[in-house]
Amino acid sequence: MEFKFTHWEDEENDDKDQPVRGVFAISQRPSVLLQGGQALITFEEEKVASQILRLPKCSVACEDTHVDVKPKRIKMDATVQFEVHLDVSRKTVQFSNAPPSMCEERMEDRLEMSFSRPSRGGGEVERVRYDRSTGTGQITFLHTGVAEGLAMTGSYRVDLDSEVNVQVGPVYTYQLRMFQTFCGTPKRTIILDDIEDAEDEEDLQDHLEIHFQKPSNYGGEIDSIKYVSRGKTLQAVFCEDMAEMEA
């Protein structure tokens, strides 16, 4: 997955009570798992890849022998991309690990007093919500800035029957939008299969490249090539400039 922050969403009315809004784009890059005895080869021109795919097999000359390889079209699973629209509260934080050591009303009073202390990073509290069954709740401050500061620290000291450090974090909501799936085949990239390890990995890759860049072998200029010897595997990930996907 590729994760990218795209932009903040600015509010036209500049209302400080509005949440901080951001948009993140998440896309899954297409990939293929290369097995041992396979090579991935990308040509500069689509027509060269098409020519090679029409051949049932190719005989590649090595130092003292020939190696037969089978060109195959790449089959890839569908990939997805979507946007996450995130709203983070400017005035409210959530907390956890606050044990119910007293009645609910008194707990809320103690929490309000503790979170109102500027010396600890708190501020004037507007509202307290507490769930004694889970030891969690939310604190809403009267002014912005306090919640953001506390969310960054991650913990806060409150005075209950004894001093307790509670976990503090931001309050946020999110929506998934622009969900799309893609399925296609690379136009310039093919797999060479059933390759025997006649030489070491690097030497055999060089001979494959020499063979498939020759026009007399129906080849052409090669953009990239990777051979995986038997007993190994390799996950190959495609970029937009390396594999143009058909719709």
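See the structure above.
A brief report on the enclosed structure follows. These figures come from a predicted structure and were not determined experimentally. Per chain, residue numbering runs from 1 following the sequence as it is written. Two thresholds apply to this predicted model, a pLDDT of at least 70 for residue-level local features and 80 or more for giving and counting side-chain atom pairs, whereas whole-chain, interface and lining totals are computed over all residues. Side-chain metrics in this entry use all non-hydrogen atoms of the structure; hydrogen atoms and water are not considered.

Some details on the side chain of Thr79
Now for step 1: Here a strand is any run of E in DSSP of at least two residues, a helix any run of H or I of at least four, and the numbering for each starts at the N terminus. Along the chain, Thr79 falls in strand β7 (residues 79-96).
Now for step 2: Here a residue-residue contact requires only that any non-hydrogen atoms of the pair lie within 4.5 Å. In this structure, Thr79 is in contact with Gln28, Arg29, Pro30, Gln180, Thr181 and Phe182, ignoring residues within four places of it in sequence.

Quick word on helix α4 (residues 201-212)
Now for step 1: The length a helix should cover is 1.5 Å for every residue beyond the first. Given a rise of 1.5 Å per residue, twelve residues ought to cover 16 Å, and the 17 Å separating the end C-alpha atoms of α4 matches this to within 8%.
Now for step 2: Regarding α4, the residues found buried are Leu204, Gln205, His207, Leu208, His211 and Phe212. Along α4, the residues classed as buried sweep out an arc of 160° about the axis, all on the same side.
Now for step 3: For α4, the secondary structure elements touched by its buried residues are β4 (38-43), α1 (46-53), β5 (58-61), β6 (66-72), β12 (189-193) and β13 (222-228). Working definition: with a 1.4 Å probe on protein chains only, accessible area under 20% of the residue-type maximum means buried, over 50% means exposed, and in between means partly exposed. The arc in question is the one spanned by the directions pointing from the helix axis to the C-beta atoms.

Side note on the packing of aromatic side chains
Now for step 1: Pairing of aromatic side chains here covers Phe, Tyr and the six-membered ring of Trp, requires ring centres within 6.5 Å, and sorts the geometry by plane angle: under 30 degrees stacked, over 60 edge-to-face, intermediate tilted. As enumerated under the stated definition, the model contains five aromatic pairs in all.
Now for step 2: Relative to Phe179, the ring of Phe82 lies with its centre 5.8 Å away and its plane at 20°, an arrangement referred to as stacked. Of the two residues, Phe82 sits in strand β7 while Phe179 sits in strand β11 (residues 163-182), which places them 97 residues apart along the sequence.
Now for step 3: Using a relative accessible area of 15% as the deciding quantity, one classes Phe82 as buried.
Now for step 4: With a centroid separation of 6.4 Å and 65° between ring planes, the pair formed by Phe115 and Phe141 is classed as edge-to-face. Placement of the pair is Phe115 in helix α2 (residues 104-115) and Phe141 in strand β9 (residues 136-141), with a sequence separation of 26 residues.
Now for step 5: Residue class for Phe115 comes out buried when judged on its relative accessible area of 0%.
Now for step 6: Taken together, the ring pairs connect Phe95, Phe115, Tyr130, Phe141 and Tyr156 into an aromatic cluster.

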